Amino acid sequence: MRWKLNFPDCCLDGELYAGPGNSGKMAYIAKKDHAKESDWEGVTFYVFDAPELKLPFKKRYKKMKEFFTHHVKSQHIKLLSHKVCENRL
């Protein structure tokens, strides 16, 4: 499938997103056994983590960021940024 072309060849944790108000479209595509290539247009895979990397999260994220910056050439996959919460109540 061209939609997955240039995706990393490893296990990634994330979420498929088809834009605001399109959760029904995403559910429809995900449930189809043989979705057409055109069904996937406008769908992005937002990556949270790469759990196969056996490193602490900060190091995993640094490696993912480097990899996405230099090797991922697809408009259909994006690495989400993470922020550390400073306030501890």
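What counts as what
- Residues numbered from 1 in each chain as written.
- Predicted model: local features only at pLDDT ≥ 70, side-chain atom pairs only at ≥ 80, totals over all residues.
- Heavy atoms only, no water.
- Helix = DSSP H or I, 4+ residues; strand = E, 2+ residues; numbered from the N terminus.
- Contact = heavy atoms within 4.5 Å.
- Buried < 20%, exposed > 50% of the residue type's maximum accessible area, 1.4 Å probe, protein only.
- Core = buried A, V, L, I, M, F, W, Y, C linked by side-chain atoms within 4.5 Å.
- Pairing = 2+ DSSP bridges.
- Axes fitted to C-alpha atoms, helices over the stretch in contact; angles between N-to-C directions.

Its place among the elements puts Asp 39 in the loop between helix H1 (23-31) and strand E2 (44-49). Setting aside residues no more than four positions away along its own chain, Asp 39 makes contact with Lys 25, Ile 29 and Lys 32.

Right, let's talk about the side chain of Thr 44 for a bit. Relative to the elements of secondary structure, Thr 44 occurs in strand E2. Residue Thr 44 is classed as buried on the basis of its relative accessible area of 12%.

One broad trend across soluble globular proteins is that nonpolar side chains are buried collectively. Core analysis: the biggest nonpolar cluster contains 15 residues, and Leu 12, Met 26, Trp 40, Val 43, Phe 45, Val 47 and Ile 77 have the highest contact counts within it. At the level of secondary structure, the elements contributing two or more residues to this core comprise H1, E2 and helix H2 (57-71). Per-element tally for this core: the top contributor is H2, with three residues. Residues contacting Val 43, with those up to four places away along its chain left out, are Trp 3, Leu 16, Tyr 17, Ala 18, Met 26, Ile 29 and His 76.

Here the focus is the sheet that holds E2. Pairing between the strands of a sheet is mediated by backbone hydrogen bonds and can be parallel or antiparallel. Pairing within the open sheet is mixed, and its three strands lie in the order E1-E2-E3. Two strands close off the open sheet at either side, each with one partner strand: strand E1 (13-17) and strand E3 (77-79). Direction aside, the axes of adjacent strands within the sheet are offset by 25 degrees on average. Looking at chain direction, E1 and E2 are connected through five bridges and run antiparallel. Residue Glu 15 lies in a different strand from E2, and its bridge partner there is Tyr 46. Packing against the sheet, H2 makes contact with E2 and E3, and its axis sits at approximately 145 degrees to E2.

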